[in-house]
Each structure stands twice: as C-alpha cells, then as structure tokens.
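# Structure at a glance
The chain contents come next:
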Amino acid sequence: MDLKNDILNKNSNFKNNGLKDNRGNLKNSSIFSRLDEITKEMKAGKILVIVDDKGEEAEGVLFQAAEKATIESVNFFINYGKGLLYLACEQERLEKL
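Residues numbered from 1 in each chain as written. Predicted model: local features only at pLDDT ≥ 70, side-chain atom pairs only at ≥ 80, totals over all residues. Heavy atoms only, no water.

### Regarding the overall build of the protein chain
Check the secondary structure of the protein chain and you find four helices and two strands. Along the protein chain, from the amino end to the carboxyl end, the secondary structure elements read α-α-β-β-α-α. Considering the protein chain as a whole, with its 97 residues, one finds that 19% of them fall into the buried category. A separation of at least 24 residues holds for 35% of the contacts in the protein chain among residues at least 6 apart in sequence. A total accessible area of about 7500 Å² is found for the protein chain, and carbon and sulfur atoms account for 48% of it. (Helix = DSSP H or I, 4+ residues; strand = E, 2+ residues; numbered from the N terminus. Buried < 20%, exposed > 50% of the residue type's maximum accessible area, 1.4 Å probe, protein only. Contact = heavy atoms within 4.5 Å. Areas by Shrake-Rupley, 256 points an atom, 1.4 Å probe, with all protein chains shown as cover.)

In structure tokens, the structure reads:
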C-alpha cells in the first residue's frame, strides 16, 4: 500500500459523520491515541495526524519525527499537507532529503 492510502486508511474515522454529535464534537474519543501509542508510532517513523481539539473547528497537522523522514514522506507532506513544511533537523540530513 502506498503512503497516501496508508495515511488515509489509518485516519479514515475522521471522515465518518456518525462520530459527531449535533454540536459537531466527536462522540467516540477512541479514535484518538494514547500518549504511549503515539510515542511508539513516532519511534517507528509513522506519519501522525495531530489535532488541537475534538470540536468542529479542530485543526490538524501532519507530523513525523525528523530523523525518520524519507524522500517519500517529505513528498507526501508537500503534496497532501497543503501548507508549510516545518522540519527541525541537522543540515547534513536536510541535504540528503
């Protein structure tokens, strides 16, 4: 499975309208991960979707640990993130990417 489909399938619960109540808040918080799960995913180099709120006005960002970034993941961020790419990384690693 390609990177785009992997991300979209992993986070497909966000597209399920049945998860929101009449005020636009998510009814099922189980789609949100625990910190220990997030840490494991980060260490594995997974791309995460981080949201700032459970409500209708929530905004999200794509996140990946910089040392796990690949050409493919950077390309994914640029093509599907539709925003600025922030990266805390040493210059040598940036040149490789």
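### Details of the packing of aromatic side chains
Applying the stated criterion across every chain, the model contains two aromatic pairs. Ring centres 6.4 Å apart and planes at 70 degrees place the aromatic pair Phe76 and Phe77 in the edge-to-face group. Their ring planes at 40 degrees and their centres at 5.1 Å tell us that Phe76 and Tyr80 sit as a pair that is tilted. Of this pair, Phe76 and Tyr80 both sit in helix 3 (residues 71-80), separated by four residues, roughly a single helical turn. According to the relative accessible area criterion, Phe76 is buried, its value standing at 6%. (Phe/Tyr/Trp six-rings, centres within 6.5 Å; stacked < 30°, edge-to-face > 60°.)

### Some details on the confidence of the model for the protein chain
The predicted model of the protein chain averages 75 in pLDDT, with 68% of residues at 70 or higher. Element-level mean pLDDT values for the protein chain span from 57 in helix 1 (residues 3-10) up to 90 in helix 2 (residues 35-43). Here residues 11-18 is modelled with pLDDT under 50, and outside its nearest four sequence neighbours on either side it reaches eight contacts, counting other chains as well. (pLDDT = per-residue confidence, 0-100.)

### Remarks on helix 3
Buried within helix 3 are the following residues: Ser73, Val74, Phe76 and Phe77. Down the axis of helix 3, the smallest arc covering the buried residues is 155 degrees, so these residues share one side. More than 90 degrees from the buried face of helix 3, the exposed residues found are Ile71, Glu72 and Ile78. Two residues or fewer past helix 3, Lys82 is found with a positive phi of approximately 55 degrees. (Arc of directions from axis to C-beta.)

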